[in-house]
There are 2 protein chains.
Amino acid sequence: MLKVIAQDFIRLDAIETVLPLYRELVELTRLEPLNVSYELFVDQEDPGHFIFVEEWPDRAALDAHCATEHFTRLVPQIDAHQRAADTYIQMRRVFPA
Amino acid sequence: MLKVIAQDFIRLDAIETVLPLYRELVELTRLEPLNVSYELFVDQEDPGHFIFVEEWPDRAALDAHCATEHFTRLVPQIDAHQRAADTYIQMRRVFPA
């Protein structure tokens, strides 16, 4: 199990531009056979701070996601509106069930 | 719905000390009637970087959690071993189901 937190920092004047790109990215990623979960949140104190909370079976599944047509097409379009570099944390559960 | 990411940065020489405190905090928090989910992860690249991913029905439930006996007893014991200040993000879903 691989849990991921990916954080994007988008210019406030570009939020309406990125929202449909995020929607397509979320919808298509959830169709990937290896995706366990893929949720997008926004910081209550910063409407340009978007946070993905993702779960994948392993690193190979995450790598496959990053190579999909929808990822390689949509993520650069989103990143064009960044105000700061995105960040990623790859994590494992501390107390597995 | 309120989603929370809380990040702790623990001194590497204190990891074995904080793990049982985290375990008790996770177990008792999950027993809170208003808790939706409460999971603890660790950064694959930093064994002292612990990340809670939490879900609560609303801010009042989170406030009640922060006032519980287990939170007010255990969190200061954990924070005594911090190497940097903890951080919190309160979030909402971008595309609710």
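Conventions used here
Residues numbered from 1 in each chain as written. Chains lettered and ligands numbered in written order. Predicted model: local features only at pLDDT ≥ 70, side-chain atom pairs only at ≥ 80, totals over all residues. Heavy atoms only, no water. Helix = DSSP H or I, 4+ residues; strand = E, 2+ residues; numbered from the N terminus. Rg over C-alpha atoms; globule rule 2.2 N^0.38 Å. Buried < 20%, exposed > 50% of the residue type's maximum accessible area, 1.4 Å probe, protein only. Contact = heavy atoms within 4.5 Å. Pairing = 2+ DSSP bridges. Axes fitted to C-alpha atoms, helices over the stretch in contact; angles between N-to-C directions. Phe/Tyr/Trp six-rings, centres within 6.5 Å; stacked < 30°, edge-to-face > 60°. Parallel < 35°, antiparallel > 145°, perpendicular 65-115°, else oblique. Left-handed = near helix turned anticlockwise from the far one by under 90°. UniProt positions renumbered as here; feature names shortened; annotations may be inferred. Buried area = accessible area lost by both parts, 1.4 Å probe. Salt bridge = Lys/Arg side-chain N within 4 Å of Asp/Glu carboxyl O. Polar contact = N/O pair within 3.5 Å; in protein donor to acceptor, adjacent residues only side chain to side chain. Nonpolar A, V, L, I, M, F, W, Y, C, P; charged D, E, K, R; others polar.

Taking an unreviewed UniProt entry as the reference, chain A is identified by name as Quinol monooxygenase YgiN belonging to Leucobacter komagatae.

Overview of the overall build of chain A
Counting its regular elements, chain A contains three helices and four strands. For chain A, the α and β elements follow one another from N to C terminus as β-α-β-β-α-α-β. Taken against the 2.2 N^0.38 rule, which gives 13 Å for 97 residues, the C-alpha radius of gyration of chain A at 13 Å falls within 12% of a compact globule. Considered along the principal axes of its C-alpha atoms, chain A spans approximately 40 × 30 × 20 Å. Going through the 97 residues of chain A one by one, you find that 51% of them count as buried. Considering only residue pairs separated by 6 or more positions, chain A has 71% of its internal contacts joining residues 24 or more positions apart.

Concerning the sheet that holds strand S3 (residues 46–56) of chain A
Read around the closed barrel, eight strands run S1(A)-S3(A)-S2(A)-S4(B)-S1(B)-S3(B)-S2(B)-S4(A), paired in antiparallel fashion. Ignoring which end each strand starts from, the neighbouring axes of this sheet average 35° apart. Bridge count between strand S2 (residues 37–43) of chain A and strand S4 (residues 82–93) of chain B: three bridges; the pairing is antiparallel. Bridge assignment links Val-42 of chain A to a residue of S4 of chain B, and that residue is Arg-92 of chain B.

Some thoughts on the packing of aromatic side chains
One pass over the full model with this rule turns up eight aromatic pairs over all chains. Among the aromatic residues, those joined into a ring-pair cluster are Tyr-22, Tyr-38, Phe-50, Phe-52 and Trp-56 of chain A.

Digging into the packing of helix H1 (residues 15–30) of chain A against helix H3 (residues 69–79) of chain A
Residue and element names in this part refer to chain A. Running from amino to carboxyl end, H1 crosses H3 at an angle of 160°, the nearest separation of the two axes being 10 Å. Considered as vectors, H1 and H3 are oriented roughly antiparallel to each other. Here the hand of the crossing between H1 and H3 comes out left-handed. Seen from H1, the contacting residues are Val-18, Leu-21, Tyr-22, Glu-24, Leu-25, Leu-28 and Thr-29; seen from H3, they are His-70, Phe-71, Arg-73, Leu-74, Val-75, Gln-77 and Ile-78.

With respect to the UniProt feature "domain: ABM" (unreviewed entry) in chain A
When the UniProt feature table is mapped onto this chain, "domain: ABM" (unreviewed entry) is found at residues 2–91 of chain A. Taken as a whole, residues 2–91 of chain A contains 39% helix and 41% strand, while its terminal C-alpha atoms sit 6 Å from one another.

Focus on the interface of chain B and chain A
Taken together, the contact pairs 26 residues of chain B with 26 residues of chain A. Summed over both sides, the interface of chain B with chain A buries roughly 2300 Å², with 69% coming from carbon and sulfur. At the junction of chain B and chain A, the tally comes to two salt bridges. Across the pair Glu-39 of chain B and Arg-93 of chain A runs a salt bridge whose closest N-O atoms are separated by 2.6 Å. If you look at where chain B meets chain A, you find eight residue pairs in polar contact (both at pLDDT 80 or more). Elements that contribute at least two residues to the side of chain B that touches chain A include exactly strand S1 (2–10), helix H1 (15–30), strand S2 (37–43), strand S3 (46–56) and S4 of chain B. Across the side of chain B that touches chain A, the residue classes break down as 16 nonpolar, four polar and six charged.

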